[in-house]
Structures are given as structure tokens and as C-alpha cells.
Amino acid sequence: MGINLRPLSRQAFERAKTIIPGGVNSPVRALRSVGTTPLFIKQANRAYIEDIDGNTLIDFCMSWGVFILGHNNPAVSRRAIEAIGCGSSYGIPCEAETVLAERVREAFPSMERLRFVNSGTEATMSAIRVARGFTGRDTLVKFEGCYHGHADHLLVSAGSAVANISTTSSAGVPDDFTKHTVCLPYNDVEALEQYFREHGETTAAVIIEPVACNMGVVVPSPEFLQATRRLTTQYGTILIFDEVITGFRLAFGGAQQRFGITPDMTTVGKIVGGGFPAAAFGGRADIMALLAPDGPVYQAGTLSGNPVAMAAGIETLHQLAFPGFYERLEERSSQFITELQDIIRGRDIQLNHCGSMFTLFFRPASPLGSSKNADPVLNFADARRSDRERFARYFRNMLERGIYVAPSQFEGNFISECHNDDILEYTLKSIKESIV
């Protein structure tokens, strides 16, 4: 397995750059941080993507975690096509919205009421607006390296979204838009407690990725997640779990099911739309009652709850609810992770993982021959000490072997139902050859 020099993709990229800024519609796709140019994809199926040059690659990006069932799942595609046959959008309610909302609530009982939007950015932005409306407070707490979409007030130390540019936020964001956003270190209970002692009574919400995925995969300590719940409850602050990535990924009920912590509000995205633009925000009924038309907090969207995304989401969640799905995925992922740990031992690489998500950080992890992490990646500061040039070489080496991993040191990789034993065995062999 391997790929050619991709002349057609290079031509397509040059053409795209004449009309699309940077030639891409999301910055990380430009592949600048890994020293190459983008692949332009023609089609995808199961665990594979095929570019316009005819190269077939094993995909571990999976549209940034969307395709837990694999690309182009036959039943999901069939449901979407059937829905398109009845019209792709109405701007008027359809029953599929209610059906999918009921399915989401079955998975996330904490989302007593929820509303669909088109993206994770819309979901987090809307959840924060509702939380501020409910509490009558302005201040928002987020954590360094956690990305919650590109709304102005959230582009503060936003992990992979800004890790490869020279500023910690973004040009075009006035200071007034971020003055009510406080950024604290991830996994630091002491800093969180000190903040709440001084400012808890004026804080509207804490938003957190319950497993960080936008500085690479970084798992929270149990004490840290428990502290977020304890302190927000104590001070009447809304706790928002951003499960746009972890929702339906780490368990049917997401990270909150996996860790046994119930937030006040939740956002989900990616998987919930089955490959189509869809996300949702929701929470306690008394909080969500503030949304218009019932309450004074305004939010709207022309394509929100469109019937195609709803149909794809319903079928996706139907398959995820099959008995044993997550147990099988967890077992396969665990075996892969165990073998990967053996490969990288003593190679100045650290492996962070949770369930079917993993990141290789190119930085010393442990003394030679030791299985104990001497300097674990626990937050964004730790992740930023990784050797990005070495990661870039690894990415290019894997690409040459026909494997597309997440194209940033600060992103996660995703194992799907379609990554079978043969694929994972070849991937392990390729990683062993690629880490130099």
C-alpha cells in the first residue's frame, strides 16, 4: 500500500486557492503544519477514503470523529436518500425532529429538553447564551486548549483551532467580546477552586470538553471532573459538557455516562447527524424553558432540524443502540492501544487515549523500558511541548504508507466499527516504520 505524488490534488488545490482563502474551508485541512498539501477526496467507504488521484487510504480522521459506523454506511445513506426524495428542507417542523430528539434524550437523560442546530459552534454558542440568560450573569469559564467552536467569545486559548497560528485568539475579535471569558488550565483542581472562591458568585457557566480532543486527546482526572460539578453546584453556575466529539463516541450516553457525572447542559454534534450538518444543545427543563418562543433567549436557524440530517441521525443512533456495539468497539480499541504502547515504549512518544480515541504526542513519556509516564500530557501546556516537526515527519511517513491520521499534533484519531483486525494490524506495522 502507498500513494503517488498526487498531481491532480495539487492542481485542485492551486485552483481552490484562487477563490477560497487558503484553498480550504477549514484551516487544518490545508496541512501546512505537517509540511504537505491537501488530498482532494473523491469518495469514502467504510474505513477508507479515495482521493482524485486514485489513492486509497485508511482513514483515522473519519471526518473528525463523525463516522463511528464507518464512511457511507449503507442504511444511513439509504435513509438520507429516502428523506431527500421528500424534500431536503422545509423551514417548517417535521416529525423526524421529534423522533431524533427523543433518541438523544434516551441516550442523555440530562438533556430533558433540547434543540437542534447545524454545527457544534452553534450548539455551544447557544448553550452559553441560555446559561447567561438563566443565571443573569456574564462570566464564562473555559479551559486552555479546549475548543468550543469559532464564536468570538470562545476563541481564547482554543487548542488545535489556533495552535498553529501566532496568536492565542484570532484577529477580528474585539477585546470586549472576550473580556467575560476566563481561561483556566485543564486538569488543575487548585486553580479552579481558587477561581471559584474569588469569582464563583458572578460566573454564569463553565464549559468543558469532558475529555479534551482539541489539544490532542487529554483525559481528565476524576478529581478534576468532580470538582467542576461540585463547584458549579455550590455557586449556582451552569456546568456545560461540550460533547460534540465525545457524545455517542465514548459511550451511547457520552462522557457523562462513562464518568458518571451529570452536567446542567450538554452539546452534541458530529455523530448525531450521521454525516450531515447537525448538532444539538439541551439540558434541564427549567433552563431550556428560557428559549424563544417560550422565553426571552433568542436562537433560530433556517436549516436547523432539516429532514435529511434527522433521518441520518435516527438511523445512526438506531445502530449504535444495538446490544454490544460499544463493548466490541472498546475491546478492539483496547487491543490496538495495548500493542501500540509496546511499539512506542522507549521511543520518546507518549500515547494518550480514551475509548476509541487516541493521540501520539512526540515528546518523552517515560524512562527507557518503563511503562510509567514520567511527564504525562495533562493539559495544553504539556501538549505544546511536543516536537511538531517530528510529528509532521510521522504524518508524511504514514501518508506514504496509505494511512491518513489526523493532520495535527493537537488532534485525536478515531477508530470506527469498520477498522477491522487486518486494518489495525497494518496500521501498527506502519506506525512502527514511521516513528523516526
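Everything below is about the structure shown above.
Quick caveat, the model's predicted, so the values are computed rather than measured.

A. Region of the structure containing the side chain of Arg-363. Inspection of the secondary structure puts Arg-363 in the loop between strand E12 (357–361) and helix H13 (380–384). By relative accessible area, which is 4% here, Arg-363 ends up buried. Setting aside chain neighbours within four positions, we find Arg-363 in contact with Asp-348, Ile-349, Gln-350, Asp-375, Pro-376, Val-377, Asp-382, Arg-385 and Ser-386.

B. View of the pairing of strand E3 (residues 56–59). When strand E2 (residues 48–51) meets E3, the two strands line up antiparallel, connected through 3 bridges. If you follow Ile-49 over to E3, its bridge partner there is Leu-57. The antiparallel pairing of E2 with E3 creates a hairpin that spans 4 residues between the two strands, and Gly-54 there sits at a positive phi of about 90°. Relative to strand E13 (residues 403–404), E3 is paired through 2 bridges, and the arrangement is parallel. Bridge pairing in E13 places Asp-59 opposite Tyr-404.

C. Looking closely at the pattern of salt bridges. The full count for this structure, using the stated rule, is 13 salt bridges. Here Glu-14 and Lys-17 are joined by a salt bridge, their closest N and O atoms 3.0 Å apart. Taken together, the residues Glu-14 and Lys-17, both in helix H1 (residues 7–17) and 3 residues apart, mark about one turn of the helix. Among the residues examined, Glu-14 registers a relative accessible area of 46% and is labelled partly exposed. The salt bridge partner of Asp-264 is Arg-284, with a shortest N-O separation of 3.0 Å. Here Asp-264 is found in the loop between helix H9 (254–259) and strand E9 (265–268), whereas its partner Arg-284 is found in the loop between strand E10 (279–283) and helix H10 (285–288), with 20 residues between them in sequence. Salt bridges sharing partners connect three or more residues here, namely Arg-229, Asp-264, Arg-284 and Asp-286.

D. Structural detail: the nonpolar core. Grouped together as the largest cluster of nonpolar side chains are 63 residues, with contacts concentrated most on Val-104, Phe-248, Leu-320, Phe-336, Leu-340, Leu-360 and Tyr-394. Take this core: its biggest share by element is 8 residues, from helix H12 (residues 325–344). Those residues in contact with Leu-340 that lie beyond four places of it in its chain are Leu-351, Phe-358, Leu-360, Leu-428 and Ile-431. In this structure, Phe-143, Leu-231, Ile-261 and Phe-380 belong to the second largest nonpolar core, which totals 26 residues.

E. Just the sheet that holds E3, in detail. Taken in spatial order, the 4 strands of this open sheet run E1-E2-E3-E13, and their pairing is mixed. Either end of the sheet is taken by a strand with one partner, and the two such strands are strand E1 (41–45) and E13.

Cut-off values and rules
- Residues numbered from 1 in each chain as written.
- Predicted model: local features only at pLDDT ≥ 70, side-chain atom pairs only at ≥ 80, totals over all residues.
- Heavy atoms only, no water.
- Helix = DSSP H or I, 4+ residues; strand = E, 2+ residues; numbered from the N terminus.
- Buried < 20%, exposed > 50% of the residue type's maximum accessible area, 1.4 Å probe, protein only.
- Contact = heavy atoms within 4.5 Å.
- Pairing = 2+ DSSP bridges.
- Salt bridge = Lys/Arg side-chain N within 4 Å of Asp/Glu carboxyl O.
- Core = buried A, V, L, I, M, F, W, Y, C linked by side-chain atoms within 4.5 Å.

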